[in-house]
Amino acid sequence: MATLAFKFEEIIPRELKPELYELDGISRATIEAHFKLYEGYVNKRNEILQKLDGVDTTSANQVYSEIRALKVDLTFAIGGIKNHEIYFEHLGGGGGDPTGPIASLIERDFGSVEAWRADLKATGMGGRGWAWTAYDWDEQRLFNYIGDAQNTFPVWNATPLVALDVYEHAYFLDYQTDRASYIDAFFANLDWDVIASWVSKYQIQT
Ligand SMILES: [Fe+2]
């Protein structure tokens with residue numbers, strides 16, 4: 001049987017760091033809700049890749065609809081994994097304003113940290129799932145991109161540095177419909193050291 005020739009290994013969810021259970025204004029129950037979804041995306045990713053491994057590409061046309069469904073779901077699952085891994089990793093800090101190269105980068109591309117924060121907040125208020133600050137390697141600058149779901153609308157060749165989850169599960173337990181207050185709490189818990197370590201790891205020039 002001709003398969004899609006995937007070679008894959010199952011992955012397992014990363015463990016949450018303990019600080020995530022002690023955030024200021026974002027409850028343990030909310031973090032647990034994110035984690036449950038994240039675990040679901042990891043399982044889904046493994047399941048879909050296993051199914052794709054078994055798809056016979058030499059059979060009749062109807063297989064294409066199956067491939068379509070699996071591949072669309074794969075982007076949702078892997079998007080959900082990546083988005084949440086960023087989210088979990090860069091929370092647990094004391095918020096405030098960044099210093100060093102990440103601060104220079106934000107000031108260069110947005111004018112000020114305040115302007116960046118206001119733009120990301122507005123993007124999060126307008127989005128249906130995510131707002132990201134990402135470094136675009138072709139434009140060589142930061143953008144605050146909008147997301148409606150785990151798989152919309154990232155662009156090629158950009159590296160996310162901040163991932164703001166604005167799905168309802170991110171704030172409803174703690175803030176009901178008051179998304180703006182949740183976004184303020186998100187900023188107050190950002191760990192700038194983690195974000196700065198990514199700027200350095202990816203060798204983003206400031
Ligand atoms: Fe989430």
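Structure shown above.
Keep in mind the model is a prediction, meaning the values are calculated, not measured.

## Some points on the pairing of strand β3 (residues 158–165)
No. 1: By the criterion of burial, β3 is predominantly enclosed, with six of the eight residues buried.
No. 2: Relative to β3, strand β1 (residues 130–136) is paired through seven bridges, and the arrangement is antiparallel. By the bridge assignment, W132 is partnered in β3 with A163.

## What about the coordination of the iron ion?
No. 1: Protein coordination of the iron ion is provided by H34 (ND1), H84 (NE2), D165 (OD) and H169 (NE2), with donor distances spanning 2.0 to 2.2 Å.
No. 2: Between the four donor atoms coordinating the iron ion, the angles at the centre fall across 95 to 136 degrees, so the site counts as irregular.

## A short note on the packing of helix α1 (residues 28–53) against helix α2 (residues 63–89)
No. 1: For the pair α1 and α2, interaxial distance at closest approach is 8 Å and the crossing angle is 145 degrees. Classified by chirality, the crossing of α2 by α1 is left-handed.

## Examining unusual backbone geometry
No. 1: Geometrically, the link from T152 to F153 is a cis peptide bond, its omega value of -10 degrees lying close to zero.
No. 2: Tracing the sequence through the fold places F153 in the loop between β2 (141–147) and β3.
No. 3: Here the phi dihedral of Q140 falls at roughly 55 degrees; this positive angle occurs in a residue that is not glycine.
No. 4: Counting through the fold element by element, Q140 comes out in the loop between β1 and β2.
No. 5: Of the residues examined, Q140 reaches a relative accessible area of 52% and is grouped as exposed.
No. 6: The backbone phi angle of Q176 is positive, close to 50 degrees, even though this residue is not glycine.
No. 7: Tracing the backbone through its elements, the reader meets Q176 in the loop between α5 (172–175) and α6 (179–188).
No. 8: Owing to a relative accessible area of 44%, Q176 belongs among the partly exposed residues under this scheme.

## Details of the sheet that holds β1
No. 1: An order of β2-β1-β3 is seen for the three strands of this open sheet, with the pairing classed as antiparallel. What marks the edges here is a single partner per strand, and that holds for β2 and β3. Pairs of neighbouring strands in the sheet enclose a mean axial angle of 25 degrees, with direction left out of account.
No. 2: Sheet strands touched by α2: β1 and β3. Its angle to β3, the strand with the most contacts, is close to 70 degrees.

## A look at the side chain of E85
No. 1: Residue placement: E85 occurs in helix α2.
No. 2: Of note is the side chain of E85, whose polar atom sits 3.1 Å from the side chain of R14.

Criteria and cut-off values
Residues numbered from 1 in each chain as written. Predicted model: local features only at pLDDT ≥ 70, side-chain atom pairs only at ≥ 80, totals over all residues. Heavy atoms only, no water. Buried < 20%, exposed > 50% of the residue type's maximum accessible area, 1.4 Å probe, protein only. Helix = DSSP H or I, 4+ residues; strand = E, 2+ residues; numbered from the N terminus. Pairing = 2+ DSSP bridges. Donors = N, O, S within 2.8 Å, 3.2 Å for Na, K, Ca; no water. Tetrahedral: all angles 85-135°; square planar, octahedral: opposite > 155°, others 65-115°. Axes fitted to C-alpha atoms, helices over the stretch in contact; angles between N-to-C directions. Left-handed = near helix turned anticlockwise from the far one by under 90°. Contact = heavy atoms within 4.5 Å. Polar contact = N/O pair within 3.5 Å; in protein donor to acceptor, adjacent residues only side chain to side chain.

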